[in-house]
Amino acid sequence: MQPFTTFMNVESTRSYIDNLYSSDPEKCLNSIICIKNSVIGSNRQKESVIAQGIVPRLLQLLEDKNTKLAVRIEAAVTIGSLAKGTTEHSEILINSGTVELLLDILEEDEPRLVDACLCCLRTLSLLDSATAQNKFDVKRLQKLLTFAGPGESLQRQSCVASILGSACKTPVEQNELCNVGAPNLLAALLSVQNSSVRIPVLTCLAAMCWNNQNVANAIVNTTYKDIKVPNHLATLISRDKPIEMQLEAAKCLTNLHRAGAIPAYDPIITYRTLPCLVRLCQIEHSEPHRAAAANTLAYLTEVDSDLQQVAAISNQLVSALVHLLSCRSVVAREAAFRAFASLAANDEDIRKRIIDTKCLMDSVLEGLDDENENIRLAAVRCLHSLSRSVQQLRTTFQDYSVWRPLMALLTGCPSTELLTAASSALCNFLLEFSPAKEPMIQQGVVQLLATLTVRPEPSLRLNGVWALMNLAFRAEQRVKSQILTALGTDQIFRLLGDSDTRVLMKTLGLLRNLVSPRTHTDTMMSLHGPQVMQGVVLVLEGPYSPEVKEQALCILGNIADGEKAREHIMSNEDVLKKLIGYMTHPAPCLQQASVFCIDNLSRLGEPGSVERQNKLKEMGVVNILQQLLSTSNTMLYNRVKTALTQYNDV
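The rules we used
- Residues numbered from 1 in each chain as written.
- Predicted model: local features only at pLDDT ≥ 70, side-chain atom pairs only at ≥ 80, totals over all residues.
- Heavy atoms only, no water.
- Helix = DSSP H or I, 4+ residues; strand = E, 2+ residues; numbered from the N terminus.
- Polar contact = N/O pair within 3.5 Å; in protein donor to acceptor, adjacent residues only side chain to side chain.
- Contact = heavy atoms within 4.5 Å.
- Domains from an automatic or database assignment.
- Buried area = accessible area lost by both parts, 1.4 Å probe.
- Salt bridge = Lys/Arg side-chain N within 4 Å of Asp/Glu carboxyl O.
- UniProt positions renumbered as here; feature names shortened; annotations may be inferred.
- Phe/Tyr/Trp six-rings, centres within 6.5 Å; stacked < 30°, edge-to-face > 60°.
- Lys NZ or Arg CZ within 6 Å of the ring centre and 35° of its normal.
- Expected span 1.5 Å × (residues − 1).
- Buried < 20%, exposed > 50% of the residue type's maximum accessible area, 1.4 Å probe, protein only.
- pLDDT = per-residue confidence, 0-100.
- Disulfide = S-S within 2.5 Å.
- Core = buried A, V, L, I, M, F, W, Y, C linked by side-chain atoms within 4.5 Å.
- Axes fitted to C-alpha atoms, helices over the stretch in contact; angles between N-to-C directions.
- Left-handed = near helix turned anticlockwise from the far one by under 90°.
- Nonpolar A, V, L, I, M, F, W, Y, C, P; charged D, E, K, R; others polar.

Going by the annotation in an unreviewed UniProt entry, the name recorded for the protein is Armadillo repeat-containing protein 8, with Tribolium castaneum given as the source organism.

1. Description of the side chain of Gln-174
Take Gln-174: it is sitting in helix H12 (residues 171-179). Separated by 2.9 Å, the side chains of Gln-174 and Asn-212 make a polar contact. In this structure Gln-174 touches Cys-168, Ala-207, Met-208, Trp-210, Asn-212 and Val-215, once residues within four positions along its chain are discounted.

2. Focus on the domain arrangement of the protein
For the protein, the assigned domains read domain 1 (263-388) and domain 2 (398-511). Look at where the C-alpha atoms of domain 1 and domain 2 centre, and you get two points 28 Å apart. The interface is formed by 13 residues belonging to domain 1 together with 14 residues belonging to domain 2. At the boundary of domain 1 with domain 2, total buried surface from both sides reaches about 1300 Å², with 75% on carbon and sulfur atoms. At the boundary of domain 1 with domain 2, the tally comes to one salt bridge. The partner of Glu-417 in a salt bridge is Arg-381, with the nearest N and O atoms 3.0 Å apart. Of all the elements in the fold, those that place two or more residues in the side of domain 1 that touches domain 2 are helix H24 (360-368) and helix H25 (373-386). If you tally residues by element for the side of domain 1 that touches domain 2, the top one is H25, at seven residues.

3. A closer look at the UniProt feature "repeat: ARM" (unreviewed entry) in the protein
As annotated by UniProt and renumbered to match this structure, "repeat: ARM" (unreviewed entry) occupies residues 53-97. Split by type, residues 53-97 is 73% helix and 0% strand. Its first and last C-alpha atoms lie 15 Å apart.

4. Overview of the packing of aromatic side chains
The final tally for this structure, using the stated rule, is one aromatic pair. Residue placement shows Lys-506 over the ring face of Trp-466; its charged tip is 4.0 Å from the ring centre.

5. Topic: the environment of Cys-359
On the secondary structure map, Cys-359 appears in the loop between helix H23 (348-355) and H24. Between the alpha carbons of Cys-359 and Leu-325 there is a distance of 9.7 Å; along the sequence they are 34 residues apart.

6. Quick word on unusual backbone geometry
Looking along the chain, the bond that leaves Ser-516 and enters Pro-517 is cis, with omega of 0°. Relative to the helices and strands, Pro-517 is located in the loop between helix H35 (501-514) and helix H36 (518-541). Positive phi, close to 55°, is recorded for Lys-225, a residue that is not glycine. Along the chain, Lys-225 turns up in the loop between strand E1 (223-224) and strand E2 (227-228). For Asp-226, which is not a glycine, the phi torsion comes out positive at approximately 65°. Take Asp-226: it is sitting in the loop between E1 and E2.

7. Quick word on H35
The periodicity of an α-helix, 3.6 residues per turn, causes residues three or four positions apart to be oriented the same way. Spanning 14 residues, H35 covers 20 Å between terminal C-alpha atoms, matching the ideal 20 Å at 1.5 Å per step. Inspection of H35 places Val-503, Leu-504, Thr-507, Leu-508, Gly-509, Leu-510, Leu-511, Asn-513 and Leu-514 among the buried residues, and these make up the whole buried set. The inward-facing, buried residues of H35 abut helix H32 (458-472), helix H33 (477-487), helix H34 (489-496), H36 and helix H37 (546-559). Its side-chain oxygen at 2.9 Å from the backbone nitrogen of Arg-502, Asp-500 defines the N-terminal cap of H35.

8. Quick word on the confidence of the model for the protein
For the protein, the average pLDDT comes to 91, and 96% of its residues sit at 70 or higher. Contacts from residues 1-13, a stretch scored under 50 in pLDDT, to residues over four places away or in other chains number 24 contacts.

9. Quick notes on the state of the cysteines
Overall, the coordinates contain zero disulfides when judged by the stated rule. Cys-119 carries a free sulfur, and the closest cysteine sulfur to it, the one in Cys-159, is 3.9 Å from it.

10. Description of the UniProt feature "repeat: HEAT" (unreviewed entry) in the protein
Annotation from UniProt places "repeat: HEAT" (unreviewed entry) at residues 54-90 and 360-396. Secondary structure across residues 54-90 divides into 76% helix and 0% strand, with the first and last C-alpha atoms of the span separated by 14 Å. Across residues 360-396, the secondary structure splits into 78% helix and 0% strand, with the terminal C-alpha atoms separated by 11 Å.

11. Overview of the environment of Leu-462
By the element assignment, Leu-462 lies in helix H32. Residue classification places Leu-462 among the buried residues on the basis of a relative accessible area of 7%. Considered as a pair, Leu-462 and Ala-486 are 24 residues apart in the sequence and their alpha carbons are 16 Å apart. Excluding its chain neighbours within four sequence positions, the residues that come into contact with Leu-462 are Arg-502, Val-503 and Lys-506.

12. Description of the nonpolar core
Counting 231 residues, the largest nonpolar core has Leu-62, Met-208, Leu-256, Phe-429, Leu-556, Ile-559 and Ile-569 as its most contacted members. Looking at which domains feed residues into this core, each of domain 1 (263-388) and domain 2 (398-511) supplies at least three. Setting aside anything within four residues of it in sequence, one finds Met-208 in contact with Cys-168, Gln-174, Leu-177, Cys-178, Ala-182, Pro-183, Leu-186, Val-215 and Ile-219.

13. A look at the environment of Leu-510
Examined against the element boundaries, Leu-510 turns out to sit in helix H35. Setting aside chain neighbours within four positions, we find Leu-510 in contact with Leu-468, Met-469, Ala-472, Ile-483 and Leu-487.

14. Notes on the packing of helix H13 (residues 182-189) against helix H14 (residues 195-209)
As a packed pair, H13 and H14 sit with axes 9 Å apart at the nearest point and diverge in direction by 150°. Taken as a pair, H13 and H14 cross one another with a handedness that is left-handed. Taken together, the residues of H14 that come into contact with H13 (itself represented by Ala-182, Pro-183, Leu-186 and Leu-189) are Val-197, Arg-198, Val-201, Cys-204, Leu-205 and Met-208. For the contact of H13 with H14, the class distribution of residues is nine nonpolar, no polar and one charged.

See the structure below:
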C-alpha cells in the first residue's frame, strides 16, 4: 500500500482500512502509520477517522498482548494524536474505555509502550470532564507514582504530574492521592531543573490542596532535602523563573493559604506571593498571563482585609486592572472584575479609590449588559462589593442609575448563580439611606423579591427575605402593607419554618421591622396581629437556638410597645407564661429580650398600665425581677433595674 499525505486519499481508498484488519503484522503496522500521519494536525481528518469506526480496532490492537509490539505502540501513538483533536473527539475516546485500557497496560513491562500510553493519558487528562475522572483507584495511583521517580525520564515525570493533577478534582480524590505519598514525590520533582516537569508538578500541588485543609497541611509539612515545600515554592515565583512557573507557584501558595495551611501574615504570602501576582497583572505582560494573575489575586485577597489593603496600594494595581477590562478576552475581563470584587470587599477607602478610577463605572455598566454570562456574573459580584459603600450608594450609583441594569438581570431566565449574585447586590440598594429604593419600589421590586422567597434554592430565599427586611426598615406604612400583600400569610409561615436558619432569622428580622417603630405597631397589628403572634409562638415553641428565639422575643418587645398592640400579648395567657419563663432562661440574650418586653408592658402613665402591672405581679414577674438583680451580667442588670422602676411600690 502506498503511503498517502492528504486525507482525500484516505477517503477514496479502502486499502488502508482493509489492511488495518489484516492478520499480516506488517500490513497492519503500515496501515496504522498511514492513519497516524494523516491525522496529525488536522481535526477534520481526525473526525473522519473516528466517524469510520476505526477507534475500536485501534483499541483492540492496543489491548492484544499477542500483537506485535510495534503495532501496539503505533496504535497508542495514533490514539494519542486523535485525543489532541476537539473535546468531542476526546470524549469519544474516553467513553470507549480508553483511559481504563491505558491504565491496565501500564502494568506491562514494555518501556516504549508504557511511554506511549503515558503520553496518551496525559493528553486525555487535560480534558476537564466528569467522564475523565474517577478512573484512578489507589492501586493505579501507586503504579503511576513509580513512573516519576528520580531515575525516570523527564517525559515520564512530566506525564505523571499532569495525569495526577487531573486525578484530584474532589476531596476524596485529593485525600487518596495524598495518602499514597504524592506530596513526597512531587516535592522531589520540584527540584528537577526542567520547566516541562516543574510546571505540571506545581499545577498538581495546587489542585491537591484546593479547599482541602488536611491535604494542604500535609503538603506544607513535606520536606525534600530539608527544604519545606512552601520555601521551595517561594523560590519559583522569582522574576528569573518562566512566567508560567511563577503563576503556578503563586497559585499553589494561594491555595495553601486559602485552605488554612499558611496564614495571611506569613512573609511567603504577604511579601512574596502577593507582590508576584500584582507584578504579573501589569500591562507589560501578555494578556493571558495578566488574566491568570488577576484570577489568582482575586482568590488570594477575597477574604482577608489586610491582604486587600496591601494589594490595593501596590504598584498601580487598580489602573492595571482597569486596563485589563478593556481587553477583548472574556477571561481577562472576568478576571479583572473578580479582582475588583475581592479588593473592594471590606474597605471603604479602597472602594472609593476603585470607583473614582476613570472609566471604571462605565466598564461595570457594560459588564452588566455583556452578552457573555461569565462577564455579567463577575461584573455583578464587583458591583456587590462596591455597593457596600454608603457614600457611593448615595452618589455615584445614583448618578449612574446602576439599579436599572441590576433589576433587569433579575428578570427573564438568569442562571441561579447570576440570580444569587444580583439579588445579593440588590440587598444593599434597598437599605434605608439608598436613594434607589423608591424608584425600585415603583418598578415592582417588592413582587420580584417575594418571588425569590419561594425558590427552592436556600441562597435565593435568603436574599429575597433579606432584601425585604432591608426595605421594611423604617419604611412607610404603604410599603410595609405592600410587602405583606406580596408575601402573603402562608408564605411567611413557610419561611418561619424554613430548614435554613439564615432564612428564618431574616424572616424574623422582617417581622420585627414591620411592627416597628411605635407609630406603625398598632396599625400593623390591627391588620395582621393574629398571624404575627402565631408566627412568634411557632418560633418560641420550636427547637431553635437562643439566637433565633431572641429575635422572636424582640418582636414581642416591639408589639409590647404599641398602645393597642400590646393587648395581643396581655390577652394571651400562653404567650405571657412563655415570656415570663424566658426571664429565667440560662441564655442571657433571652433573659434580656424578655425583660425588655416586660418593661414595655409595664410602662407607667399609659392607658391600662395599672391593670397590666397587677396581672404581671400576680404571675410572679416582680419577684423574678428582684431575683435577677443578683446577676453579674451588666446589660441584664440594667434592664432589670429599669423594669423595676415601673413598679412604684417595689
